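Each chain, written out:
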Amino acid sequence: MAKIGIFYGSTSGVTEEIAEKIQAEIGEENCDLYSMEEDFDSYDDLLEYDYLLLGCSTWGAGEVQNDWREPLFDLEVEKPDFSGKTIALFGPGDCTGHGKHFVGALGILYDQFKALGANVVGAVSADGYTFEKSTAIRDGRFVGLPLDEVNESEQTDQRIADWLALLKPDFPALAA
Ligand SMILES: Cc1cc2nc3c(=O)[nH]c(=O)nc-3n(C[C@H](O)[C@H](O)[C@H](O)COP(=O)(O)O)c2cc1C
């Protein structure tokens, strides 16, 4: 069964905790977990996997978490081929304190990996989220799974469970 690579960038540990939860849900035997800060060397690490879950929190005003900056820059410059790769995105934000840029990082990752040929799946309805603006929305849906540990942490477990169920047809390891 094709293993999933989970790669996450996390400044204050929130995305890390979420990534670990997702790994626990999927089962350690079905996925490998990479911290962008500690484990990531180059985009070749990503290319090892045909199935990827990428986690990134949003900082600044709708920007990606720091550890993703350089990798995304390298991807933009060198344009490796991600066609044949299936990718789903997740990331926490703050829908009230930063509601004008809610989970903008997901939109940035989406655009980049789509441009490299990846099949990016796992879009989530914006219904049920309260925010002012987000650049992570395409055709009325978030391009990945937004989470909010600041205001809506009680919804996180259910949101993850629903999202993993949604991903099943695209990730063979989830159907196991
Ligand atoms: C200075 C600062 C800027 C932030 N900017 C945004 C933002 O633009 N959009 C958003 O949705 N959340 C924003 N957040 C909220 C973080 O994304 C949120 O706290 C997240 O859980 C942090 O995850 P991490 O610890 O994995 O990096 C910001 C938080 C801080 C402290």
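Residues numbered from 1 in each chain as written. Predicted model: local features only at pLDDT ≥ 70, side-chain atom pairs only at ≥ 80, totals over all residues. Heavy atoms only, no water.

### Comments concerning the site of the ligand
Step number 1: By nearness alone, 19 residues border the ligand, and Ser 10, Ser 12, Thr 15, Ser 57 and Thr 58 come closest of all.
Step number 2: In the environment of the ligand, an oxygen atom lies 2.6 Å from a nitrogen or oxygen atom belonging to the side chain of Ser 10.
Step number 3: Comparing atom positions with the cavity grids shows the ligand to sit within the largest pocket.
Step number 4: Among the secondary structure elements, those contributing two or more residues to the shell around the ligand are α1 (14–26) and β4 (58–59). (Near = heavy atom within 4 Å. Polar contact = N/O pair within 3.5 Å; in protein donor to acceptor, adjacent residues only side chain to side chain. 1 Å grid on protein atoms, 1.4 Å probe; cavity = no way out; pocket = protein on both sides within 12 Å on 5 of 7 lines; lining within 4 Å. Sits in = over half its atoms within 2 Å of the grid points. Helix = DSSP H or I, 4+ residues; strand = E, 2+ residues; numbered from the N terminus.)

### Details of the packing of α1 against helix α5 (residues 156–167)
Step number 1: Axis separation between α1 and α5 bottoms out at 11 Å; the angle between their running directions is 50°. Taken together, the axes of α1 and α5 lie oblique to each other. Both α1 and α5 take part in a crossing whose hand is right-handed. Only Thr 156, Asp 157, Ile 160, Trp 163 and Leu 164 of α5 make contact with α1, whose side of the interface consists of Ile 18, Lys 21, Ile 22, Glu 25 and Ile 26.
Step number 2: When its residues are assigned to classes, the contact of α1 with α5 shows six nonpolar, one polar and three charged. (Axes fitted to C-alpha atoms, helices over the stretch in contact; angles between N-to-C directions. Parallel < 35°, antiparallel > 145°, perpendicular 65-115°, else oblique. Left-handed = near helix turned anticlockwise from the far one by under 90°. Contact = heavy atoms within 4.5 Å. Nonpolar A, V, L, I, M, F, W, Y, C, P; charged D, E, K, R; others polar.)

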